[in-house]
Amino acid sequence: MTDRDPREEFLAGERPDDVALFLADSFVDDDRLAEFGERVEGGVLIVVDGERGRNAFRAATGTEAMQFAGSAMDVDGLVESDLTGGTCPDEPDGGDHEVRFVFAFSEEQNEDVGGIYAEGDVIHAYARCACGTAYSDRWTVTR
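Residues numbered from 1 in each chain as written. Predicted model: local features only at pLDDT ≥ 70, side-chain atom pairs only at ≥ 80, totals over all residues. Heavy atoms only, no water.

Caption draft 1: Focus on the overall build of the protein. Scanning the protein for helices and strands turns up four helices and eight strands. Relative to the compact-globule value of 15 Å for 143 residues, the protein shows a C-alpha radius of gyration of 15 Å, a close match. Over its C-alpha atoms, taken along the principal directions, the protein stretches across nearly 40 × 35 × 25 Å. In the protein, which comprises 143 residues, the share counted as buried stands at 43%. Across the protein, the fraction of contacts at a sequence separation of at least 24, relative to all contacts at a separation of at least 6, is 57%. Counting only carbon and sulfur atoms, one obtains 44% of the accessible surface of the protein, whose full area is about 7700 Å². Between the averaged position of the 12 positive side-chain charges in the protein and that of its 33 negative side-chain charges there is a distance of 5 Å. (Helix = DSSP H or I, 4+ residues; strand = E, 2+ residues; numbered from the N terminus. Rg over C-alpha atoms; globule rule 2.2 N^0.38 Å. Buried < 20%, exposed > 50% of the residue type's maximum accessible area, 1.4 Å probe, protein only. Contact = heavy atoms within 4.5 Å. Areas by Shrake-Rupley, 256 points an atom, 1.4 Å probe, with all protein chains shown as cover. Lys, Arg positive; Asp, Glu negative; His and termini not counted. Charge placed at Lys NZ, Arg CZ, Asp CG, Glu CD.)

Caption draft 2: Local environment of the sheet that holds strand β1 (residues 18-24). The strand order β2-β3-β1-β6-β7-β8 describes an open sheet built from six strands, whose pairing is antiparallel. The open sheet terminates on both sides in strands that have one partner only, identified here as β2 (38-40) and β8 (134-140). Sheet twist, expressed as the average angle between the axes of neighbouring strands with direction ignored, equals 20°. Summarising the sheet, strand β7 (residues 122-129) and β8 pair through seven bridges and their orientation is antiparallel. (Pairing = 2+ DSSP bridges. Axes fitted to C-alpha atoms, helices over the stretch in contact; angles between N-to-C directions.)

Caption draft 3: Layout of the pairing of β1. Taken across its seven residues, β1 has seven buried, putting it largely inside the fold. The side-chain alternation of β1 yields two buried faces, one formed by Asp18, Ala20, Phe22 and Ala24 and the other by Val19, Leu21 and Leu23. Note that β1 and strand β3 (residues 43-49) share seven bridges and pair antiparallel. By the bridge assignment, Phe22 is partnered in β3 with Leu45. Pairing between β1 and strand β6 (residues 99-107): five bridges, direction antiparallel. Counterpart to Leu21 in the pairing with β6 is Phe103.

Here's what the structure looks like:
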């Protein structure tokens, strides 16, 4: 067991069966969420096992997690490495581009697949912007 919190373990690739959810205060105003996760600037970040996490995501957003990920995967954006925000690819057009929520999971290193998957564990992160754009980002875990 480590002294790190669940988010640190997740971001280190040590929780491949879990998912992470960031829900902005501007998107969901429910103080009870902090009981299940970590209060962070601008919202709550929750790291839970995959099934519970997908159910929590559906309850909070009204969308199936993997359906959302599928809709976001073809649009490249930037999700902050701490999972609490991002940069919408439509941001140059002006308007409100605050992240409403983030859904993330990790995938263990897989040299057979190649690319970044051969380099180490990979974090997949999907975000919904206030403007409605869904976008994705992924990166290799650095240890």
